[in-house]
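Coordinate inspection notes
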Amino acid sequence: MSDPPPPGDLAAILARLIAREGPISVAHYMAESNARYYFSLDPLGAAGDFVTAPEVSQMFGELVGLWLADLWGRAGRPEPVHYVELGPGRGTLARDGLRAMRQAGLAPETHFVETSSALEAIQRKSIPTALWHCDLATLPTDGPLLVVANEFLDALPVRQLVRTPAGWRERMIGLEGGRFVPVAGAAPMDAAVPESWREADAGTILETSPAAAAVIGEVAARLSAQGGAALFIDYGQVELRPGSTLQAVRGHCKVDPFEAPGEADLTCLVDFAKLAEVAEQRGAHCLGTVEQGAWLRALGIDTRAAALARAHPDQADAIAAARERLVGEEQMGRLFKVMGLSAPDWPEGAGF
Ligand code: SAH
């Protein structure tokens, strides 16, 4: 891969492209922006732009690992078996999860699907024995896959459609006075919109993520062919609602997503209902989609927090605060959802 220009230049490159060729789709803008954003820096943690669940507490990765080990055990402990993480960030979830799995007798080979060389270097320090992949195509085919993706799907590019007085159009990014602004594309897009939304009011926006659907479809097909299970954890909704959910986060604050492409994390809410449909069509069993707080409580986060606090009394307050951050209704507990998938002949998963 050749080195891209430094982050500040992406705005100039996109501005030149739009001036020359006309507006680009929201999906194109989001893909370029996030590829640049993740390529060169470590955005995670207190010093970065946002904090994810595995960075809040070791309890998160441990419970994910125990969930996988429990299912694998009840599936008859098949070997070889592979742990696959999509977008593993700093490798924190994998480190905590694999430790919990080992304690339960499960020691899978580890595969990371990662496009950011900066984050790959950090992951390598955390799990030196892992194998890295650019996409899912090169994952092994010789045994069940135990797949985990936390805050991965929300970073994949989203396509937006906008209703205009003349019908549905793709929502594009144009240039106005040197600034990026959303505009309606020229080509009619009515055929891409579900029947019940065709006559929506002008200004209505609908989102779909073909990239997320492609990932779920491929994972589901692998589970169906090879066995295994998958957990997709993300902030999202369980039914299609209109409106743009595109947001940008930088330095723990929401910023204008059109302000500085490549310098903030662009995300959209994940449409779990649609993805569950795709998974079932591709042959996987959808175990369910539940709120993160309820799932972690069903898996025993309260017991784990109490045990950790007993072992480290000086950190009891921090442990209680981390537990609350992961499960609290006003915090991550409600907005974040956990979707479980499994091979059709695998057992049901705990907490769904
Ligand atoms: N799962 C981690 C990191 C979440 S951030 C955590 O919970 O802390 C999103 C992660 O997905 C980063 O590792 C980023 O580099 C990776 N990523 C983003 N787009 C990707 C893509 N198209 N293919 C593979 N990895 C991608």
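Throughout what follows, the structure given in this document is the object of discussion.

The rules behind each value
Residues numbered from 1 in each chain as written. Predicted model: local features only at pLDDT ≥ 70, side-chain atom pairs only at ≥ 80, totals over all residues. Heavy atoms only, no water. Helix = DSSP H or I, 4+ residues; strand = E, 2+ residues; numbered from the N terminus. Rg over C-alpha atoms; globule rule 2.2 N^0.38 Å. Buried < 20%, exposed > 50% of the residue type's maximum accessible area, 1.4 Å probe, protein only. Contact = heavy atoms within 4.5 Å. Lys, Arg positive; Asp, Glu negative; His and termini not counted. Charge placed at Lys NZ, Arg CZ, Asp CG, Glu CD. Near = heavy atom within 4 Å. Polar contact = N/O pair within 3.5 Å; in protein donor to acceptor, adjacent residues only side chain to side chain. Areas by Shrake-Rupley, 256 points an atom, 1.4 Å probe, with all protein chains shown as cover. Nonpolar A, V, L, I, M, F, W, Y, C, P; charged D, E, K, R; others polar. Pairing = 2+ DSSP bridges. Axes fitted to C-alpha atoms, helices over the stretch in contact; angles between N-to-C directions. Core = buried A, V, L, I, M, F, W, Y, C linked by side-chain atoms within 4.5 Å. Parallel < 35°, antiparallel > 145°, perpendicular 65-115°, else oblique. Left-handed = near helix turned anticlockwise from the far one by under 90°.

**Regarding the overall build of the protein chain**
Broken down by element type, the protein chain carries 12 helices and 16 strands. Scaling as 2.2 N^0.38, a compact globule of 352 residues should have a C-alpha radius of gyration of about 20 Å, and the protein chain matches this with 21 Å. On the principal axes, the C-alpha backbone points of the protein chain span a range of 60 × 40 × 40 Å. Counting all 352 residues of the protein chain, 53% fall into the buried class. If you take every contact in the protein chain between residues at least 6 apart in sequence, the share linking residues at least 24 apart comes to 76%. A distance of 1 Å separates the average location of the 30 positive side-chain charges in the protein chain from that of its 45 negative side-chain charges.

**Focus on the site of the ligand**
Close to the ligand lie 16 residues, the nearest being Thr52, Gly87, Gly89, Glu114 and Asn150. Contact between the ligand and Thr52: an oxygen atom at 2.6 Å from a side-chain N or O atom of the residue. One of the backbone N or O atoms of Gly87 is found 2.7 Å from a nitrogen atom in the ligand. Protein contacts shield 90% of the accessible area of the ligand, which totals 570 Å² for the unbound molecule. Grouping the constituent residues of the shell around the ligand by class yields eight nonpolar, six polar and two charged.

**Things to note about the environment of Ala350**
Tracing the backbone shows Ala350 in the segment after β16 (336–342). On the basis of relative accessibility, which here comes to 32%, the residue Ala350 falls in the partly exposed class. As for Ala350 and Ala298, which are separated by 52 residues in sequence, their C-alpha atoms are 7.7 Å apart. Residues in contact with Ala350, not counting those within four places in the same chain, are Trp67, Asp70, Arg74, Trp295 and Leu299.

**So, the sheet that holds strand β12 (residues 253–255)**
The three strands lie next to each other as β12-β11-β13, forming an open sheet whose pairing is antiparallel. Bordering the open sheet on either side are β12 and β13 (265–267), each of which pairs with just one other strand. Within the sheet, the average angular offset between the axes of one strand and its neighbour, ignoring direction, is 40°. Note: strand β11 (residues 247–250) against β13, three bridges, orientation antiparallel. When the sheet's bridge partners are listed, Gln247 is paired in β13 with Thr267.

**Let's talk about the nonpolar core**
Counting residues in each nonpolar core, the largest one holds 45 residues, and the members touching the most others are Val64, Trp67, Tyr83 and Leu326. Examining the composition of this core, we find that nine residues originate from one element, helix α4 (residues 58–74), more than from any other. Apart from residues lying up to four places away in sequence, Val64 is in contact with Leu93, Val148, Leu231, Ile233 and Trp295. One finds Val147, Val219, Phe232 and Ala284 within the second-largest nonpolar core, a separate group that totals 29 residues.

**A word on the packing of α4 against helix α5 (residues 92–103)**
Relative to each other, α4 and α5 sit at 45°, their axes nearing to 7 Å. By the angle between their axes, α4 is oblique relative to α5. Once α4 is placed against α5, the crossing between them reads as right-handed. Contacts from Gln58, Phe60, Gly61, Glu62, Val64, Gly65, Leu66, Leu68 and Ala69 of α4 reach α5 at Leu93, Asp96, Gly97, Arg99, Ala100 and Met101. Of the residues belonging to the contact of α4 with α5, the class tally is eight nonpolar, four polar and three charged.

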